[in-house]
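So the chains spell out like this:
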Amino acid sequence: MNIEVNAEYRSEDVRALPVFELASFVLESEACPASSEACISFVDDDEIARLNEEFRGKTGPTDVLSFECDGAEEDGAFLASEAADGAPFELGDVIIALDVAERQTAQFGTTLEGEVSLLLTHGLLHLCGYDHIEDDEAEVMEAREAELLSAWARKRGLDMAIFGELNGAHALVRGEH
């Protein structure tokens, strides 16, 4: 897998986070094709607000945006033939507003690593075909987020408290995506 991390904004903070490792973990867990490509960028409030307005028609900053390219089938599966010729399978881009994530740590009782991990997992799941427009879709996506974050925490020996409260129907939802 080819995962590009763009961290021009607050690069020291981003370098301290296991962004590449978590992205690899999530995409491998979702059985993405080996030739998958994803780009993860960290931006300031002004840039995420501009993107939010341009692509969603919403005013102000949000915490994470995802822009799917090749994408998964409706059931979230990837076709084996999609990347069989060795050509890159472009999943898309995840844009995280680091300042919003930092503000949310106080609101949700998380750490910066925990909040960014949740937002990154959320954004990557969108690239893998998950959504939360309908309640039943939201339940599936939120359950998968919790499952992946729990597995990630076990793998790294982390206390689950860094992610905040993971219990409840909509505990993992942040902002309005």
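Because the structure is predicted, anything quoted here is derived from the model rather than measured.

(A) Expanded view of empty space enclosed by the protein. This model, assessed by the stated rule, comprises one cavity of 30 Å³ or more. Estimates place the volume of the largest cavity at around 40 Å³. Looking at the largest cavity, the residues that line it are Leu-17, Pro-18, Val-19, Leu-22, Glu-113, Val-116, Ser-117 and Leu-120. Secondary structure elements with two or more residues in the lining of the largest cavity: helix 2 (19-29) and helix 5 (112-127). In terms of residue count, helix 5 provides more of the lining of the largest cavity than any other element does, four residues in total. Here the residues of the lining of the largest cavity are counted per class, giving six nonpolar, one polar and one charged.

(B) How the structure looks around the sheet that holds strand 3 (residues 64-68). Taken in spatial order, the four strands of this open sheet run 1-2-4-3, and their pairing is mixed. In this open sheet, the two strands that pair with only one neighbour each are strand 1 (2-6) and strand 3. With direction set aside, neighbouring strand axes in the sheet form an average angle of 15 degrees. Looking at chain direction, strand 3 and strand 4 (residues 89-97) are connected through five bridges and run antiparallel. Looking at strand 4, one finds that Phe-67 is bridged to Asp-93. Contacts from helix 3 (residues 45-56) reach strand 2 (36-43), strand 3 and strand 4 within the one sheet, and its direction differs from that of strand 3 by about 50 degrees.

(C) How the structure looks around helix 3. In a regular helix each residue adds 1.5 Å, so twelve residues correspond to 16 Å; helix 3 covers 15 Å between its end C-alpha atoms and thus fits that length. When helix 3 is considered as a whole, its buried residues turn out to be Ile-48, Ala-49, Leu-51 and Asn-52. For helix 3, the buried positions fall inside an angular range of 165 degrees around the axis, keeping them on one side. On its buried face, helix 3 sits against strand 2, strand 3 and strand 4. N-capping of helix 3 is provided by Asp-44, with a side-chain oxygen placed 3.3 Å from the backbone N of Asp-46. Once helix 3 finishes, Gly-57 follows within two positions and takes phi at roughly 70 degrees, a positive value.

What counts and what doesn't
- What you see as residue numbers is a count from 1 along each chain, following the sequence as written.
- Only residues with pLDDT of 70 or above have their local features reported here, since the model is predicted, and side-chain atom pairs are shown and tallied only from 80 upward, although totals for entire chains, interfaces and linings are computed over all residues.
- Water and hydrogen atoms play no part in the side-chain values, which are based on all heavy atoms of the structure.
- With a 1 Å grid spanning the protein atoms alone, the term cavity applies to any set of points in which a 1.4 Å probe fits but cannot get out, the term pocket to an open set with protein on both sides within 12 Å along at least five of seven lines, and the term lining residue to any residue with an atom within 4 Å of a point.
- Grid points are joined across faces, edges and corners, and a volume is the space filled by probe spheres set on the points.
- A helix here means a DSSP run of H or I that spans at least four residues, while a strand means a run of E at least two residues long, and both kinds are numbered starting from the N terminus.
- Amino acids are sorted into nonpolar (Ala, Val, Leu, Ile, Met, Phe, Trp, Tyr, Cys and Pro), charged (Asp, Glu, Lys and Arg) and polar (every other residue, Gly among them).
- Two strands are counted as paired when DSSP detects at least two bridges linking them.
- Angles here are taken between N-to-C directions and fall from 0 to 180 degrees, while the axes themselves are lines fitted to C-alpha atoms, restricted in helices to the stretch in contact.
- Should any heavy atoms of two residues lie within 4.5 Å, those residues are considered in contact.
- Here, expected helix span is obtained from the residue count minus one, scaled by 1.5 Å.
- When a residue's accessible area, from a 1.4 Å probe over protein chains only, is under 20% of the maximum for its type it is buried; when over 50% it is exposed; and in between it is partly exposed.
- What the arc describes is the spread of directions from the helix axis to the C-beta atoms.
- The definition of a polar contact used here is a pair of N or O atoms within 3.5 Å, where within protein one atom must be able to donate a hydrogen and the other to accept one, and adjacent residues in sequence count solely through side-chain atom pairs.

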